[in-house]
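One letter stands for each residue in the lines below.
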Amino acid sequence: MRWLFKPKTAQAFIQTGEKHALKRRYKKAIQAFTRAIELEPQNAPAYRERADAYIAIKAYDAALQDLNIALKLTPDAFLDIYFDRAEIYLYAEQYSAAIKEYTRILEHDPRHEDALSGRAIAYTEAGNFKRAIADYTTLIQYYPDVTDYHHARDELRDKGDAR
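Values in this document were obtained by computation on a predicted structure and should not be read as measured data. (Residues numbered from 1 in each chain as written. Predicted model: local features only at pLDDT ≥ 70, side-chain atom pairs only at ≥ 80, totals over all residues. Heavy atoms only, no water.)

A. Seen up close, the environment of Arg-131. Here Arg-131 lies in helix H8 (residues 129-142). Take Arg-131: its relative accessible area is 48%, and that puts it in the partly exposed class. Residues Arg-131 and Arg-119, 12 residues apart in the sequence, show an inter-C-alpha distance of 9.1 Å. (Helix = DSSP H or I, 4+ residues; strand = E, 2+ residues; numbered from the N terminus. Buried < 20%, exposed > 50% of the residue type's maximum accessible area, 1.4 Å probe, protein only.)

B. Representation of helix H6 (residues 95-108). Along its 14 residues, H6 runs 20 Å from first to last C-alpha, staying within 8% of the 20 Å computed at 1.5 Å per residue. What H6 keeps buried is the set Tyr-95, Ala-97, Ala-98, Ile-99, Glu-101, Tyr-102, Ile-105 and Leu-106. On its buried face, H6 sits against helix H5 (78-91) and helix H7 (113-125). (Expected span 1.5 Å × (residues − 1). Contact = heavy atoms within 4.5 Å.)

C. Molecular detail of the nonpolar core. Residues Ile-88, Tyr-102 and Tyr-136 are the most contacted members of the largest nonpolar core, which totals 50 residues. Once residues lying within four places of it in the same chain are set aside, the contact partners of Tyr-102 are Phe-83, Ala-86, Glu-87, Leu-90, Asp-114, Ala-115, Gly-118 and Arg-119. (Core = buried A, V, L, I, M, F, W, Y, C linked by side-chain atoms within 4.5 Å.)

D. Representation of the packing of H7 against H8 within the structure. Contact geometry of H7 with H8 gives a least axis separation of 8 Å together with a crossing angle of 155°. One element, H7, and the other, H8, form an angle in the roughly antiparallel class. The way H7 lies across H8 gives a crossing that is left-handed. When H7 is examined against H8, the residues Glu-113, Leu-116, Ser-117, Arg-119, Ala-120, Ile-121, Tyr-123 and Thr-124 are found in contact with a partner set consisting of Phe-129, Arg-131, Ala-132, Asp-135, Tyr-136, Thr-138, Leu-139 and Tyr-142. A breakdown of the residues in the contact of H7 with H8 according to their chemical character gives nine nonpolar, three polar and four charged. (Axes fitted to C-alpha atoms, helices over the stretch in contact; angles between N-to-C directions. Parallel < 35°, antiparallel > 145°, perpendicular 65-115°, else oblique. Left-handed = near helix turned anticlockwise from the far one by under 90°. Nonpolar A, V, L, I, M, F, W, Y, C, P; charged D, E, K, R; others polar.)

E. Structural context of the packing of helix H2 (residues 26-39) against helix H3 (residues 44-56). Remark: H2 packs on H3, axes separated minimally by 9 Å, with the N-to-C direction vectors making an angle of 160°. The angle between the axes of H2 and H3 places the two elements in the roughly antiparallel class. The two elements H2 and H3 cross, and the hand of that crossing is left-handed. Here H2 contributes Tyr-26, Ala-29, Ile-30, Phe-33, Thr-34, Ala-36 and Ile-37 to the contact with H3, which in turn contributes Ala-46, Tyr-47, Glu-49, Arg-50, Ala-53, Tyr-54 and Ala-56. Residue composition of the contact of H2 with H3, grouped by class: 11 nonpolar, one polar and two charged.

Here it is in structure tokens:
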């Protein structure tokens, strides 16, 4: 790749990659993040950013690899990384893997709204309506004003009655 200006630091390459990603030029973003990693192999944010770019082009295996490296480099960011991995599994329709990742988050933070709703969606897609309804019920207890959770639970109850 020819650079219009020559970034010299990992941070400069990360910023370049972020600019490319904002413009949906994901392959260029991946190249910039890769260059940042080459300069600083311990730079966890570069791996996280590159994972996001890989997700955008549906290169899920590569994204998971980068997230696993980022987890080793920054174990204190485990909840965010588990969430990113769960989302990848959900996008890839690997529902049991997504459920496991969301559950890992919920073991540490039982009120994590995005993990609860993500797991409810994964259960729904996997056809486990009973567990999805349980998650939506929990969401409603914690977040009673979010009408989407009420509607989703009602729809699942209706599907369960139709069986």
